[in-house]
Amino acid sequence: MGTAPSATAQGLGREEVRRQAAALAEVGRRLFFDPGLSANGSLACASCHDPAHAFGPPDGAAVRLGGADGRTPGLRAVPSLKYLQDVPPFAEHYRTPEDEGDESIDNGPTGGLTWDGRVDGQREQARVPLFSPFEMGNIDPADLSARLERAGYGAQLRAAVGVTAGEQVDVVDLALRALDVFQQDGPLFHPYTSKYDAYLAGKATLTEDERRGLEAFEDPARGNCASCHVSRRGNDGTPPHFTDYGLIAIGVPRNRDIPANADPGYFDQGLCGPLRTDFTGVADYCGRFRTPTLRNVALRQVFMHNGIFHTLRQVMEFYAERDSDPGKWYPRRVDGSVMTFDDMPAAAHGAVPAAINMEAPFGRRPGDAPALNERDIHDIIAFLGTLTDGWSAPKTPGPPETAGP
């Protein structure tokens, strides 16, 4: 079946374009919160992407349960759906646009959505969980189309785009379009209302802890966080998204709470598989996952692609100590040696995987002092708290009321 032409292609007037966008956004909102889209009838988009947690996971579970039976475990932690509007399409050799930096530099694999960057755009991103056997579990487009029609969404979607009676349209494509339009809602998905946004606008002052945290965050010799989680405005004045959208390998420990990891031969290597297949076996790409935004990160209870960490302190300590104290993070072999990077096949042979990032704060030798001390870690966590949306300035107490005559 064909897809309804776009509003632009139809030559619609501005009022009709706005009407269609508003109608699609409303249907998209209903779809997002409706568990009836899933094969088991209990899993909505919002079940995993909770609005109260920045459209991220609602608790500390490493993976969610889904599928036709509602009990099939996923493979990766749920990412946030906020601040995705400017993620560039995936490029193996990404070059920064001229108005944003040095376009002669090859930044390597960058962009795309999902942890491994395998789809471009939020419409295609929405397709992934709808048809995943361990998420919403629809068998194929015909299965989902029938589900949408039974729930009355087919009629709503056709009305939203002004389809005439009897005209053939792809209802699944319209549903994906509606979910996409819903996620363009600025106040919901990219509001820029954190304390740090107010600070950049000169309307807030950081505390001493937060200020020191920002310094450590940006210091190339300490946190060096801003090398990937960009913290400064763009050249055009746009607020920072706290990600460069790159795919990077930092070698987090294997999470044995993920059922798939009970198989010693199974490894989630991100960019080079298994969910993505176009770079299978490319050693320089194995173990790379897309750098997430740090906006609203303080609302999360599960971190990294495999959900191995549950607090920001654990995350920061791992960055500080991965190489200086590897025995704290990785298991030991029978001979007592530490199996560093144990969630990558090369670790079984005692080799450092080719893709592993060794830039600061990494790159220390076992026994060295970590790049971040306790004060740095405390302060960076304090700074990360300023990235939570919904901040408002403390109210200044007014003058005391006086008694009447």
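As the structure is a prediction and not an experimental result, all values here were calculated from the model.

Moving on, we get to the side chain of Q183. For Q183, the position within the fold is in the loop between α7 (171–182) and α8 (186–189). On the basis of relative accessibility, which here comes to 3%, the residue Q183 falls in the buried class. For Q183, the residues in contact, after removing those within four places along its chain, are L81, Q122, Q125, F189 and H190.

With that settled, consider the packing of aromatic side chains. Counted according to the given criterion, the structure contains 22 aromatic pairs. A ring pair is formed by Y319 and F362, whose centres lie 5.3 Å apart and whose planes are at 15°; its orientation type is stacked. Here F362 lies in the loop between α11 (312–321) and α12 (374–384) and Y319 lies in helix α11, a separation of 43 residues in the sequence. Residue Y319 is classed as partly exposed on the basis of its relative accessible area, which comes to 21%. Grouped by ring-pair contacts, the aromatic residues F32, F33, F55, F182 and F189 constitute a single cluster. Across from the ring centre of F90, 3.9 Å away, lies the NZ or CZ of R276, which sits over that ring. The ring of Y83 carries R295 above its face, with NZ or CZ at 4.9 Å from the centroid.

Right, let's get into the packing of helix α5 (residues 141–150) against α7. Between two packed helices, the angle of one axis relative to the other and the distance separating the axes together describe the packing. Contact pair α5 / α7: the axes reach a minimum separation of 9 Å and the direction vectors enclose 75°. What the angle tells us is that α5 and α7 run roughly perpendicular. Residues P141, L144, S145, L148 and E149 of α5 pack against V171, V172 and A175 of α7. Of the residues contributing to the contact of α5 with α7, the split by class is 6 nonpolar, 1 polar and 1 charged.

Detail in the predicted coordinates should be disregarded across regions flagged by low pLDDT. With 92% of its residues at a pLDDT of 70 or more, the chain has an overall mean of 92. Note that pLDDT drops below 50 for residues 1–9; the model gives that stretch 18 contacts with residues more than four away or on any other chain.

With that settled, the discussion passes to the pattern of salt bridges. Inspection of the entire model under this criterion finds 32 salt bridges. We note a salt bridge from D116 to R76, for which the minimum N-O separation is 3.1 Å. Placement of D116 in the loop between β2 (72–73) and α4 (122–131) and of R76 in the loop between β2 and α4 is noted, with a sequence separation of 40 residues between them. Across this residue pair, the class does not change: D116 and R76 are buried. Several salt bridges share partner residues, and in doing so they unite R313, E317, E321, K328 and E374 into one network.

Cut-offs used in this document
Residues numbered from 1 in each chain as written. Predicted model: local features only at pLDDT ≥ 70, side-chain atom pairs only at ≥ 80, totals over all residues. Heavy atoms only, no water. Helix = DSSP H or I, 4+ residues; strand = E, 2+ residues; numbered from the N terminus. Buried < 20%, exposed > 50% of the residue type's maximum accessible area, 1.4 Å probe, protein only. Contact = heavy atoms within 4.5 Å. Phe/Tyr/Trp six-rings, centres within 6.5 Å; stacked < 30°, edge-to-face > 60°. Lys NZ or Arg CZ within 6 Å of the ring centre and 35° of its normal. Axes fitted to C-alpha atoms, helices over the stretch in contact; angles between N-to-C directions. Parallel < 35°, antiparallel > 145°, perpendicular 65-115°, else oblique. Nonpolar A, V, L, I, M, F, W, Y, C, P; charged D, E, K, R; others polar. pLDDT = per-residue confidence, 0-100. Salt bridge = Lys/Arg side-chain N within 4 Å of Asp/Glu carboxyl O.

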